[in-house]
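# Descriptive analysis of the structure
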Amino acid sequence: MSERKKRKPGETREKLMSAVLSLVSKGRHFASLGIREVTRQAGVVPTSFYRHFRNMDDLGLQLVDELGLVLRRMMREARENVFQADKLIEESVGIFVSHAQANRSFFLFMAQGLAGESRAIQDGIRSEMRYFATELANDLRRLKLADHLSDGDLEMTCDLVVRSVAFSLTDLMGISAEDEYQVEQIRKRTCRFLQLIFVGAAHWDNKGP
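Residues numbered from 1 in each chain as written. Predicted model: local features only at pLDDT ≥ 70, side-chain atom pairs only at ≥ 80, totals over all residues. Heavy atoms only, no water.

### Digging into the UniProt feature "DNA-binding region" (unreviewed entry) in the chain
Condition: UniProt positions are given in the numbering used here, feature names are shortened, and annotations may be inferred rather than shown by experiment. Runs of E in the DSSP output that reach at least two residues are strands. Runs of H or I that reach at least four are helices, and both are numbered from the N terminus.
With numbering aligned to this structure, UniProt lists the feature "DNA-binding region" (unreviewed entry) at residues 34–53. With 40% helix and 0% strand, residues 34–53 has end C-alpha atoms that lie 13 Å from one another.

This is the structure we're talking about:
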């Protein structure tokens, strides 16, 4: 019986994507992975790879789509649980850290992809970051926390927020998930980064140079 008949539709595809995340979580860099290594990890024959993906970049872009779903779940949780404006930063960063720890392989892939060699994957991740920044801007408008900012200045503020969080992500992925002290230090530092951004935004004079 052929592999295609043995496996349910989509099963091999999921095995290949999970294999990449497993290898990344073990310290391998996505850019260094080859098809044979991935199929070996997945327990499938190399030829089956091409039934689902054109190449490794194509697989990587599918992982970016999955990452987008993780980010949207994180955003939804923040919207459902953060009600007080004065706790917006602290509670949102706490949710971010929690999701990054719970989905460590995805966020490792994100950190690698932002600094990796694949332009397609970089662009895909940055597109997700832009979406995140746009949604953040909409939330700030809804909460009436940025009424004094023009649309362009609010967009820049949210871009700075997302970039700062992404920078903190690289720090978070560089330590053990069990190192509670370092995780807490990164959480506090990220909160301070964002507080400084919003203090600056609150005093921003868009009539300046």
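### A closer look at the UniProt feature "domain: HTH tetR-type" (unreviewed entry) in the chain
The UniProt entry lists residues 10–71 under the feature "domain: HTH tetR-type" (unreviewed entry), expressed in the numbering used here. Structurally, residues 10–71 is divided into 63% helix and 0% strand, and its ends, taken at the C-alpha atoms, are 23 Å apart.

### Some points on the side chain of His99
Operational definition: The contact criterion used throughout is that any non-hydrogen atoms of two residues lie within 4.5 Å.
The residue His99 is located in helix H5 (residues 88–102) in this model. If near-sequence neighbours (up to four positions away) are discounted, His99 is found in contact with Val70, Arg73, Met74, Glu77 and Phe107.

### A short note on the nonpolar core
Put simply, the rule reads: In these notes, a set of buried Ala, Val, Leu, Ile, Met, Phe, Trp, Tyr and Cys residues joined through side-chain atoms within 4.5 Å is what counts as a nonpolar core. Here the term buried applies to any residue with accessible area under 20% of the maximum for its type, exposed to any over 50%, and partly exposed to those in between, with areas from a 1.4 Å probe on protein chains only. Residue ranges assigned to each domain were obtained from an automatic or database domain assignment.
Counting 62 residues, the largest nonpolar core has Val20 and Phe107 as the members making the most contacts within it. Elements represented by at least two residues in this core include exactly helix H2 (11–25), helix H3 (35–42), helix H4 (56–81), H5, helix H6 (104–115), helix H7 (119–142), helix H8 (151–173) and helix H9 (180–202). Taken domain by domain, the makeup of this core includes at least three residues from each of domain 1 (9–53) and domain 2 (64–202). With residues up to four places along the chain from it excluded, the contact list for Phe107 reads Val70, Leu71, Phe96, His99, Ala100, Leu169 and Met173.

### Looking at the domain arrangement of the chain
The cut-off we apply is this: Once two parts are joined, some of their accessible surface, as seen by a 1.4 Å probe, is lost; buried area is that loss totalled over both. Whenever Lys or Arg places a side-chain nitrogen within 4 Å of a carboxyl oxygen from Asp or Glu, that contact is recorded as a salt bridge.
Taken domain by domain, the chain holds domain 1 (9–53) and domain 2 (64–202). Here the C-alpha centroids of domain 1 and domain 2 sit 28 Å apart. The partner domain 2 presents eight residues to the seven residues of domain 1 that form the contact. With both chains or domains summed, domain 1 and domain 2 bury close to 760 Å², and 75% of this area falls on carbon and sulfur atoms. On the domain 1 side of the contact with domain 2, Leu21, Val24 and Phe30 bury the most area, a combined 56% of that side's loss. Where domain 1 touches domain 2, the interface holds zero salt bridges.

### Brief notes about the packing of H6 against H8
So the rule is basically this: Fitting a line to C-alpha atoms yields each axis, with helices limited to the stretch in contact; the angle taken between N-to-C directions then spans 0 to 180 degrees. The labels follow the angle: roughly parallel below 35 degrees, roughly antiparallel above 145, roughly perpendicular from 65 to 115, and oblique for the rest. Note on convention: near helix rotated counterclockwise from far helix by under a right angle means a left-handed crossing. Clockwise means right-handed. In this count, Pro and Cys sit with the nonpolar residues alongside Ala, Val, Leu, Ile, Met, Phe, Trp and Tyr, while Asp, Glu, Lys and Arg are called charged and the others, Gly among them, polar.
Following both chains from N to C, one finds H6 and H8 inclined at 120°, their axes separated by 10 Å at the closest point. By the angle between their directions, the pair H6 and H8 is classed as oblique. As H6 packs across H8, the resulting crossing turns out to be left-handed. Each of Arg104, Phe107, Leu108, Met110, Ala111 and Leu114 in H6 lies in contact with H8, whose residues at this interface are Ala166, Leu169, Thr170, Leu172 and Met173. When its residues are assigned to classes, the contact of H6 with H8 shows nine nonpolar, one polar and one charged.

### Section: the layout of surface pockets
Note the threshold: Think of a 1 Å grid over the protein atoms and nothing else: a 1.4 Å probe that fits but is trapped marks a cavity, an open set flanked by protein within 12 Å on at least five of seven lines marks a pocket, and residues with an atom within 4 Å of a point count as lining. Grid points are joined across faces, edges and corners, and a volume is the space filled by probe spheres set on the points.
One number sums up the size of the largest pocket: a volume of about 590 Å³. Surrounding the largest pocket, 28 residues form its lining, Ala78, Ser92, Phe132, Leu136 and Val161 being those nearest its centre. Of all the secondary structure elements, the ones that give two or more residues to the lining of the largest pocket are H4, H5, H6, H7, H8 and H9. Considering only residue class, the lining of the largest pocket consists of 24 nonpolar, one polar and three charged.

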